[in-house]
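Listed here are the chains, written in short residue letters.
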Amino acid sequence: MKVLILCGGRGLRMHELTRDMPKPLVPIAGKPMLWHIMKLYKHYGFDDFILLLGYRGDRIKEYFMDYPWKNHSFVLDTQNSRITLLEEAENWKITFLDTGLDTTTGDRIKKARDLVGNETFMATYGDGLADINLHKLLVFHREKGRIATVTGISKKSQYGTMTVRNGIADSFVEKESREGIINGGFFVFEPGVFDYLSAVEPNILEKHAMADLARDRQLAVYMHDGFWYACDTYYDVMTMNKMAEEGMDRWRVWK
């Protein structure tokens, strides 16, 4: 199952770090946020990633192209121009998809349609860390039988809120309420979601497609009551790094 990760935003609310660096590469405990997210998916057996690139996507490409030799001991055979790693590296398949500098979230996902094909797929943002059980998320999605499932978080926040009944969203309102069940990312989608992503252009996932899915009762909501944190500002990054230093990095469910 493919995992789409939205990596194209400019990260303006943490401009101290993102002047020359895409938001998903901002380091938490010495590794990019994106790395932590991918490790979570890999822990549950999902290792086929499509990174939806935009702002400074070249830096993300460079990070993963250089990742094996920068993060592992190795033997360099200069005569044959060959590197042999002395440690086991992550077995990831990564597709780097350039989706445009100012493309909206919905349109970024839509650009991956041919790569996804006619299959169920997962998606998430490149700046949210959680200890969510992705197997349980997928089971819930299949049980509800809807086109889309979003992870719901009970929280006071600036993020969009949902009204939920029996695990199905009745409505999705982006950034109008300060309290309720918010969009925590970590989606599961059926191919039918592309019809909703094509309904308007440009299509903002949170403003258009998800609102329409909720209207049609095609948006299931998997409630997660464990750890969840969205790194949206420089303060959030400092908070997450402090948590890691103090051994409170609950998102690290892998060994």
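Description of the structure in this document. From a predicted model like this one, the values you see are computed outputs, not experimental measurements.

### Concerning the overall build of the protein
Step number 1: Helices and strands together make up the secondary structure of the protein, namely nine helices and 16 strands.
Step number 2: The C-alpha radius of gyration computed for the protein amounts to 18 Å, which stays within 12% of the reference 18 Å derived for 255 residues, consistent with globular compactness.
Step number 3: Counting only C-alpha atoms and orienting by the principal axes, one finds that the protein spans roughly 65 × 40 × 35 Å.
Step number 4: Residue burial in the protein is summarised as follows: out of 255 residues, 50% are buried.
Step number 5: For the protein, contacts bridging at least 24 residues in sequence account for 74% of all contacts bridging at least 6.
Step number 6: Of the roughly 12500 Å² that the protein leaves accessible, carbon and sulfur atoms contribute 48%.

### A closer look at the side chain of His72
Step number 1: Among the structural elements, His72 can be located in the loop between α3 (57-71) and β5 (74-77).
Step number 2: Assessed through its relative accessible area of 11%, His72 is described here as buried.
Step number 3: Side-chain polar atoms of His72 contact the backbone oxygen of Pro68, separated by 2.9 Å.
Step number 4: Excluding residues that lie within four positions of it along the chain, His72 makes contacts with Tyr67, Leu85, Glu87, Glu88, Ala89 and Glu90.

### Overview of a nonpolar patch on the surface
Step number 1: A grouping of Trp69, Phe74, Leu76 and Ile83 is seen on the molecular surface, where their side chains present a nonpolar patch of about 380 Å² in accessible area.
Step number 2: By relative accessible area, Trp69 is classed as partly exposed at 41%.

### Overview of the layout of surface pockets
Step number 1: Space inside the second largest pocket adds up to approximately 160 Å³.
Step number 2: Taken together, Phe64, Met65, Tyr67, Pro68, His72, Ala89, Glu90, Trp92, Ile94 and Phe96 make up the full set of residues lining the second largest pocket.
Step number 3: Broken down by element, the lining of the second largest pocket gets its largest block of residues, four residues, from α3.
Step number 4: Here the lining of the second largest pocket is built from residues that sort into eight nonpolar, one polar and one charged.

### Overview of the state of the cysteines
Step number 1: Under the counting rule described, the total for this entry stands at zero disulfides.
Step number 2: Of all cysteine sulfurs in the structure, the one in Cys231 sits closest to Cys7, which takes part in no disulfide; the separation is 14 Å.
Step number 3: Accessibility expressed as a relative area gives 1% for Cys7, which makes it buried.
Step number 4: Relative accessible area serves as the criterion here: at 0%, Cys231 is assigned to the buried category.

### Looking at the packing of aromatic side chains
Step number 1: If you walk through the whole model with that rule in mind, you get 15 aromatic pairs.
Step number 2: Geometrically, the ring pair formed by Phe121 and Phe189 is tilted, given 5.5 Å between the ring centres and 50 degrees between the ring planes. With a gap of 68 residues between them, Phe121 in strand β8 (residues 121-125) and Phe189 in strand β14 (residues 187-189) connect regions that are remote in the sequence.
Step number 3: The exposure class of Phe121 is buried, given its relative accessible area of 0%.
Step number 4: Here the aromatic rings of Phe140 and Tyr222 are separated by 5.5 Å at their centres, their planes lie at 65 degrees, and the arrangement is edge-to-face. Placement of the pair is Phe140 in helix α6 (residues 134-144) and Tyr222 in strand β15 (residues 219-223), with a sequence separation of 82 residues.

### So, the pattern of salt bridges
Step number 1: This structure, assessed with the given rule, holds 19 salt bridges.
Step number 2: We note a salt bridge from Arg59 to Asp20, for which the minimum N-O separation is 3.2 Å. Highlighted residues: Arg59 in helix α3 and Asp20 in the loop between α1 (15-18) and β2 (27-28), separated in sequence by 39 residues.
Step number 3: Since its relative accessible area comes to 43%, Asp20 is described here as partly exposed.

### Concerning empty space enclosed by the protein
Step number 1: According to the stated counting rule, one finds one cavity of 30 Å³ or more in the structure shown.
Step number 2: Approximately 40 Å³ is the volume attributed to the largest cavity.
Step number 3: Along its surface, the largest cavity is lined by His36, Ile37, Leu40, Gly128, Leu129, Ala130, Trp251 and Trp254.
Step number 4: At the level of elements, α2 (33-43) and β9 (128-130) are the ones that each hand at least two residues to the lining of the largest cavity.
Step number 5: Among the residues forming the lining of the largest cavity, the class breakdown is six nonpolar, two polar and no charged.

What counts, and at which threshold
Residues numbered from 1 in each chain as written. Predicted model: local features only at pLDDT ≥ 70, side-chain atom pairs only at ≥ 80, totals over all residues. Heavy atoms only, no water. Helix = DSSP H or I, 4+ residues; strand = E, 2+ residues; numbered from the N terminus. Rg over C-alpha atoms; globule rule 2.2 N^0.38 Å. Buried < 20%, exposed > 50% of the residue type's maximum accessible area, 1.4 Å probe, protein only. Contact = heavy atoms within 4.5 Å. Areas by Shrake-Rupley, 256 points an atom, 1.4 Å probe, with all protein chains shown as cover. Polar contact = N/O pair within 3.5 Å; in protein donor to acceptor, adjacent residues only side chain to side chain. Patch = residues over 30% accessible without salt bridge, like charges linked within 9 Å, V, L, I, M, F, W, Y side chains within 5 Å. Salt bridge = Lys/Arg side-chain N within 4 Å of Asp/Glu carboxyl O. 1 Å grid on protein atoms, 1.4 Å probe; cavity = no way out; pocket = protein on both sides within 12 Å on 5 of 7 lines; lining within 4 Å. Points joined across faces, edges and corners; volume = space filled by probe spheres on them. Nonpolar A, V, L, I, M, F, W, Y, C, P; charged D, E, K, R; others polar. Disulfide = S-S within 2.5 Å. Phe/Tyr/Trp six-rings, centres within 6.5 Å; stacked < 30°, edge-to-face > 60°.

Read these as layout, nothing more, since geometry by itself doesn't imply function.
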